[in-house]
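# Structural features, examined
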Amino acid sequence: MPNPTRSTIQDVARLAGVSAKTVSRVFHGSDQVRPDTRERVMAAAERLRFRPNRVARDLRRGGVTSTVGFVIGDIQNPFYFTVAGGIEYELAQHGYTMLLATTDDSAETERRVVDAVLSQGVRALLLIPVADDQSYLEGERHFGTPIVGVDRPLENLLSDTVLLTNRAGMAEAVRSLTALGHRRIAFVANPASVHTVRERLAGYRDALAEVGVSPTDRWLSLGDDPAASTRDAVVELMRSSEPPTAIVTGNNRATTATLQALRDLDSPCALIGFDDFELAEMLGISVVAHDAHALGRAAALLAIDRIDRPTAPPRRVEIATSLVQRGSGERPPHG
């Protein structure tokens, strides 16, 4: 059975008994169309399930669309979708739509995915970078496409950026543990090479240095292989000759893997995770929380402001984090 073809503007015009130009005026919101004609056109469009191609229309008009591209990492990470929700909400308030694409957290595919998004003539590009270098976007920026780094700064490219207070948030978490008497505090993260985790690791070291704990390498579990088991790495850490009495994690996935390991070992080790996650409150998991939706809204506003003010100085916006204590991070040292 052949696939049905979509109705065209000419189909709507024939059914409504008007010209294609009149149909175009209706969908452009022109006030030059009589109310009864507009009603007839809209009824015909609904019957034919006609949807105007706004991308093609905008490209014909000026070379760009009213769509803003957002390139994320791992499509399974709920953090990215909360950020995307904030972006989409704010864009809608200003008459823009969002085009979403994913790199699957692969540095090798980032440029290909970004190029595909830019080929759609997007009005601006928002990017959670994975690769070590975004200088390949310099030409696009030079030609006036607003580019915003989301959650991580873009490397070797002048751009607007919205970030979390990663270093300060992790330092606050570790200080809460040292105040309870913990000194053997582990840091667990995978991937560990991204900007956010590097900043959180720096905050971890800052807070431990304040109480004279240095070096900390024996309590670090840092991976850069998504396929590697973070749970197994934590089990190995806990079975070492000098196991930690508390663990902080670099992201939500590391938190869930660590929680699984501690439960398998029936360990009373204290735990504070960076990023809130579903069920964390019910499970009593202390976290460094932040408003990912607000992060997305701020990123969208940076892009919109850059569209309106293309020559303004680059801006850096930080979204605050806060320590949410639920029980797992308030356990005193054991053993």
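Going by the structure above, here's the rest.
The structure presented is a predicted model; accordingly, all values stated were derived computationally and were not measured.

## Some details on helix H10 (residues 230–238)
Turning to H10, its buried residues number three or more, namely Thr-230, Val-234, Val-235, Leu-237 and Met-238. Seen end-on, H10 carries its buried residues on one side only, within an arc spanning 160 degrees. Next to the buried residues of H10 lie strand E6 (185–189), strand E8 (246–249) and helix H11 (252–265).

## Focus on the packing of aromatic side chains
A full pass over the atoms with the stated rule returns two aromatic pairs. Consider the rings of Phe-79 and Tyr-80, whose centres lie 5.8 Å apart with planes at 55 degrees: the pair is tilted. For the residue pair Phe-79 and Tyr-80, the accessibility class agrees, reading buried in each case. One residue, Arg-218, lies across the ring of Trp-219, its end atom 4.5 Å from the ring centre.

## Quick look at the side chain of Arg-200
When you line up the elements, Arg-200 lands in helix H9 (residues 195–210). No salt bridge is formed by the buried Arg-200, whose closest oppositely charged neighbour, Asp-275, lies at an N-O distance of 4.1 Å. Of the polar contacts made by the side chain of Arg-200, one reaches the side chain of Asn-166; its length is 2.8 Å. Excluding residues within four positions of it along the chain, Arg-200 makes contact with Leu-164, Asn-166, Met-170, Phe-187, Gly-250, Asn-251, Phe-274 and Asp-275.

## Quick look at the packing of helix H5 (residues 78–93) against helix H13 (residues 292–308)
Where H5 contacts H13, the axes come no closer than 7 Å and their chain directions differ by 45 degrees. Here H5 is positioned oblique relative to H13, judged by the angle of their axes. The handedness of the crossing between H5 and H13 is right-handed. For the pair formed by H5 and H13, the contact residues are Phe-79, Thr-82, Val-83, Gly-85, Gly-86, Ile-87, Tyr-89, Glu-90 and Leu-91 on the first element and Ala-292, His-293, Leu-295, Gly-296, Arg-297, Ala-299, Ala-300, Leu-301 and Ile-304 on the second. In terms of residue class, the contact of H5 with H13 is built from 11 nonpolar, five polar and two charged.

## So, the pattern of salt bridges
Counting across every chain of the model gives 16 salt bridges. Residue Asp-305 is joined to Arg-309 by a salt bridge in which the shortest nitrogen-to-oxygen separation is 2.9 Å. Look at Asp-305 and you get partly exposed, because its relative accessible area is 21%. The shortest N-O distance in the salt bridge between Glu-318 and Arg-316 comes to 3.5 Å. With relative accessibility at 45%, the residue Glu-318 sits in the partly exposed group. Residues participating in the shared-partner salt-bridge network are Arg-231, Asp-232 and Asp-264.

## Digging into the sheet that holds strand E10 (residues 286–290)
A sheet is described by the order of its strands in space; here six strands give the open sequence E7-E6-E8-E9-E10-E12, paired in mixed fashion. Either end of the sheet is taken by a strand with one partner, and the two such strands are strand E7 (220–222) and strand E12 (321–324). Taken pair by pair, the neighbouring strands of this sheet meet at an average axis angle of 15 degrees, ignoring direction. Relative to strand E9 (residues 270–274), E8 runs parallel, the two being bridged by three bridges. Among the inter-strand pairings, Ala-246 is bridged to a residue of E9, identified as Ala-270. Across the sheet, H10 is in contact with E6, E7 and E8; its angle to E6 comes to roughly 165 degrees. In the packing of H11 onto the sheet, contacts are made with E6, E8 and E9, and the angle to E9 comes to roughly 160 degrees.

## Observations concerning the pairing of E12
Look at any regular strand and the pattern is simple: side chains alternate between the two faces of the sheet. Burial along E12 is one-sided: the residues Thr-321 and Leu-323 are buried and none of Ser-322 and Val-324 is. Of the pairings in the sheet, the one linking E10 to E12 comprises four bridges and is antiparallel in character. Its bridge partner lying in E12, Val-288 is registered against Leu-323.

## Some remarks on the nonpolar core
In this structure, Phe-70, Val-150 and Tyr-204 are the most contacted members of the largest nonpolar core, which totals 71 residues. In terms of residues, this core owes the most to one element, H13, which gives nine residues. For Phe-70, the contacting residues outside a window of four places in its chain are Tyr-80, Val-83, Ala-84, Ile-87, Met-98, Leu-99, Leu-100, Ala-101, Leu-126, Ile-128 and Val-150. Residues Val-71, Val-113, Val-117 and Val-122 belong to the second largest nonpolar core, which totals 14 residues.

## Some words on the environment of Leu-265
With respect to the helices and strands, the residue Leu-265 is situated in helix H11. A residue is classified by how much of its surface remains accessible, and Leu-265, at 27% relative accessible area, is partly exposed. Sequence separation between Leu-265 and Val-235 is 30 residues, and the spatial gap between their C-alpha atoms is 7.6 Å. Every residue in contact with Leu-265, bar those within four places of it in the chain, is listed here: Val-235, Met-238 and Arg-239.

What counts and how
- Residues numbered from 1 in each chain as written.
- Predicted model: local features only at pLDDT ≥ 70, side-chain atom pairs only at ≥ 80, totals over all residues.
- Heavy atoms only, no water.
- Buried < 20%, exposed > 50% of the residue type's maximum accessible area, 1.4 Å probe, protein only.
- Helix = DSSP H or I, 4+ residues; strand = E, 2+ residues; numbered from the N terminus.
- Arc of directions from axis to C-beta.
- Contact = heavy atoms within 4.5 Å.
- Phe/Tyr/Trp six-rings, centres within 6.5 Å; stacked < 30°, edge-to-face > 60°.
- Lys NZ or Arg CZ within 6 Å of the ring centre and 35° of its normal.
- Lys, Arg positive; Asp, Glu negative; His and termini not counted.
- Salt bridge = Lys/Arg side-chain N within 4 Å of Asp/Glu carboxyl O.
- Polar contact = N/O pair within 3.5 Å; in protein donor to acceptor, adjacent residues only side chain to side chain.
- Axes fitted to C-alpha atoms, helices over the stretch in contact; angles between N-to-C directions.
- Parallel < 35°, antiparallel > 145°, perpendicular 65-115°, else oblique.
- Left-handed = near helix turned anticlockwise from the far one by under 90°.
- Nonpolar A, V, L, I, M, F, W, Y, C, P; charged D, E, K, R; others polar.
- Pairing = 2+ DSSP bridges.
- Core = buried A, V, L, I, M, F, W, Y, C linked by side-chain atoms within 4.5 Å.

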